[in-house]
Amino acid sequence: MKTWEKIRQNPSLLKKYFVRETVIKSIRSFFDSRKFHEVETPLLVARPPAESYVEVFETTLLDRYRNKTRAFLSTSPEIFLKKLLVAGIGNCYSITKSFRNTETQSTLHVPEFTILEWYRVGDPYEKIMDECEKLIRYIHHDVLGDRTFMYQGKRIDIQSSWERMSVREAFSLFAKVDLDAFFDMGYARRIMKKKKYKETDDTTWEEMFHQIFLNEVEPHIGREKPTILYEYPSLIAALSKKKASDPRYAERFEFYIAGLELGDCYSELTDPVEQKKRFDSEIFEIKRLGKTHYEYDSDFIHALEVGLPSCSGIAVGVDRLVMLFSDAADISDTLFFPAKEEFERFPHD
Amino acid sequence: MSAITTADFKKGMFVEFKNETHQIVDFQHVNPGKGSAFVRTKLKSLKSGRVQEFTYKAGDAVIEIPVETHEMQYLYKEGDGFVFMDNQSYEQYTLAAAMIGDFASYMKPNDTYQVLVHNEDAVGIRFPKKVRLLVSEADDGARGNTATSATKTVKLETGLVVSVPLFIRQGDLIAVDPQTGSYLERS
């Protein structure tokens, strides 16, 4: 049975789906009260940000004479928002659709999703940590009022201050791994062997890091109370600024509530030379992995040359926020028309 | 035994994990914030019935443990096990309750099921797409739980309670999906 049929049979289901409406209204009201501008960014783009971990949806733009130009569905509003910061728009945000191919067969990912991104000019990422806590409490008030916040049978306390832990601390505490030493490829491989993970000469550092992170660290994060996990290895923080006192780490944080990873924040990289270097290595990686290949957006590098003000920005998964506040175990249960329902009628070629 | 990758994963499949046979109870793909694809898997140990989580890199090689499917008649429940008889060899097998899980509430003595056998041991059951069961108790006059909902709950011959459309009556034979517990059709 499709979702619209289930709702027709049991209209009380609607209440759960209406949580999305309240969450989005609440986000707008929160940023409106803080004098942020809401801006629109394109969904149809000529150059997505070069990110090797993302697979794109490619399409073709035709002119009146049917001459073809490659086009893509936007994977994130990030580079457009940063261009607007260069233009001088000031603090701003966008709630928009983003598209990532191959992200199916999951209760946490859908190929078409709603993303909230906001940027603060002149502020370090710690400021966004505080703002995150305030935003979630604000939404909580609008959606649940005085009712207890429960997710999948567990009580969630978002009122007391959140836990803040560095990735380095988390690795040491939960996986008994010294992340500083783990940066050394040889050492990392020895740890993987000792822990009996499969590892070959092709295994990248990122894969080893995430293998331990996903198996031994993440299951402990943000369970009792929300957790902000900060200072990620620079190797997995493509558009963020490196930490001045230790460039092996970047000023990036993620926050988790009830075990759900909800947002990813950076002190933004403003250096065009460094950005170009990282884009080049991402494009190299995209080719190596055999993913859809494209050139990076040189206009973005140009914008950085003109001068991106020092700023911090965050991307938050709106669908996951809706999951959390509507107590849905599966991201598809927050959508009237989830992709899996839409496409399961047409099994793959 | 054959080498497969995470792309071949199916629920119910048996694989080698930490040198022991495990059944894949559930799996899903995950992508960390800035990272490649992984497959979060729930694996149930054949030995202990204990379920644990492991996250594979997408594309990792895994050893699949082959299992045979034997048609067997369900005889009776004994302690923590369910006793079956092989329809061909007449040999009896006991299947641990942990390996049957919720499906036990769909099983009727004397009915035939597809039992999975590995190394002479019964290790699981292949769930049929639908199970037909008689409605043993139904409020035939029910007008639904709310003014707008067109469903009511009925009890089936195995004791299972399911939600069905209002026209279903006591004595009807209905088909239920054992994976989701939802009503499919009246036979």
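One can find the structure itself at the top, above this paragraph.
Residue numbering note: each chain is counted from 1, following its sequence as written. Both sets of labels track the order of writing: A upward for chains, 1 upward for ligands. This being a predicted model, a pLDDT of at least 70 is required before a residue's local features are given, and a value of 80 or more before pairs of side-chain atoms are given or counted; all residues contribute to the totals for chains, interfaces and linings. Side-chain descriptors were evaluated using all non-hydrogen atoms of the structure, hydrogens and water having been removed beforehand.

### So, the overall build of chain A
Secondary structure summary: chain A contains 13 helices and 14 strands in total. Atoms considered for the radius of gyration are the C-alpha atoms alone. The globule rule reads 2.2 Å times the number of residues to the power 0.38. Computed over its C-alpha atoms, the radius of gyration of chain A comes to 21 Å, within 12% of the 20 Å expected for a compact globule of 349 residues. Over its C-alpha atoms, taken along the principal directions, chain A stretches across nearly 60 × 60 × 50 Å. With a 1.4 Å probe rolled over the protein chains alone, any residue whose accessible area is under 20% of its type maximum counts as buried; one over 50% counts as exposed, and the rest are partly exposed. Per-residue burial over chain A gives 54% buried out of 349 residues. Surface exposure here means Shrake-Rupley accessible area, sampled with a 1.4 Å probe, where a residue is shielded only by the protein chains that are shown. Taken as a whole, chain A presents about 16800 Å² of accessible surface, with 52% of it coming from carbon and sulfur. Computed over 52 positive and 58 negative side-chain charges, the inter-centroid distance for chain A is 2 Å. Secondary structure elements follow DSSP: runs of H or I of four or more residues count as helices, runs of E of two or more count as strands, with numbering from the N terminus. A positive count includes Lys and Arg, and a negative count includes Asp and Glu. His and the chain ends are not counted in either. Lys charges are placed at NZ, Arg charges at CZ, Asp charges at CG and Glu charges at CD.

### Points about the sheet that holds strand β3 (residues 58-62) of chain A
All names here are of chain A. For two strands to pair, DSSP has to find at least two bridges joining them. Read from one edge of the open sheet, 3 strands run β2-β4-β3, paired in antiparallel fashion. Taken across any chain shown, the strands that pair with only one partner, and hence form the sheet edges, are β2 (44-45) and β3. As paired strands, β2 and strand β4 (residues 68-73) are joined by 2 bridges and run antiparallel to one another. Directly across from V45, in β4, lies its bridge partner F72.

### Some words on the nonpolar core
Among the buried residues, those of types Ala, Val, Leu, Ile, Met, Phe, Trp, Tyr and Cys that are joined through side-chain atoms within 4.5 Å form a nonpolar core. Counting 89 residues, the largest nonpolar core has A:I27, A:L116, A:W118, A:F182, A:F253, A:F255 and A:F325 as the members making the most contacts within it. Take this core: its biggest share by element is 9 residues, from helix α5 (residues 125-144) of chain A. Sequence-distant contacts of A:W118, that is, excluding residues within four places in its chain, are made with A:F31, A:F36, A:C92, A:Y93, A:I128, A:E131, A:C132, A:L135, A:S312, A:G313, A:I314 and A:V316. Counting residues in hydrophobic clusters, the runner-up holds 33 residues, among them B:I65, B:Y74, B:L116 and B:A122. Residue contacts are defined here by distance: any two heavy atoms, one from each residue, within 4.5 Å place the two residues in contact.

### A look at the packing of aromatic side chains
By convention here, two paired aromatic rings are described through the distance between centres and the angle between planes. Residues and elements named next belong to chain A. Geometry of aromatic contacts follows a simple scheme: Phe, Tyr and Trp rings, the Trp one being its six-membered ring, pair when their centres are within 6.5 Å, and the pair is stacked under 30 degrees between planes, edge-to-face over 60, tilted otherwise. Enumeration according to the criterion identifies 31 aromatic pairs over all chains in this entry. Where F57 meets F99, the ring centres are 6.4 Å apart and the plane angle is 85°; that geometry is what we call edge-to-face. With F57 in the loop between β2 and β3 and F99 in strand β5 (residues 92-99), the pair connects residues that are 42 residues apart, well separated along the chain. Look at F279 and Y296: their rings are 5.3 Å apart centre to centre, the planes differ by 40°, and that puts the pair in the tilted class. Note that F279 is positioned in helix α10 (residues 272-288) and Y296 in the loop between α10 and α11 (298-307), a separation of 17 residues in sequence. Note on accessibility: F279 and Y296 belong to one class, buried. Following the ring pairs from residue to residue traces out a cluster consisting of F171, F182, F183, W205, F209, F213 and Y249. The rule for a charge over a ring is simple: NZ of Lys or CZ of Arg within 6 Å of the ring centre, and within 35 degrees of the ring normal. Geometry around Y232 places R252 over its ring, the cationic atom sitting 4.1 Å from the centre.

### What to know about the pattern of salt bridges
Residues and elements named next belong to chain A. The rule for a salt bridge is simple: a side-chain nitrogen of Lys or Arg has to be within 4 Å of a carboxyl oxygen of Asp or Glu. Counted according to the given criterion, the structure contains 42 salt bridges over all chains. With a closest N to O distance of 3.8 Å, R320 and E261 form a salt bridge. Of the two residues, R320 is situated in helix α12 (residues 318-325) and E261 in strand β13 (residues 260-267); the sequence distance between them amounts to 59 residues. For the pair shown, R320 and E261 are each scored as buried. Between R278 and E274 there is a salt bridge, with the nearest N and O atoms lying 2.8 Å from each other. Taken as a pair, R278 and E274 lie in helix α10 at a separation of 4 residues, close to a single helical turn. No difference in accessibility class separates R278 from E274, as the two residues are buried.

Such coordinate-based values are descriptive only and should not be taken to indicate function.
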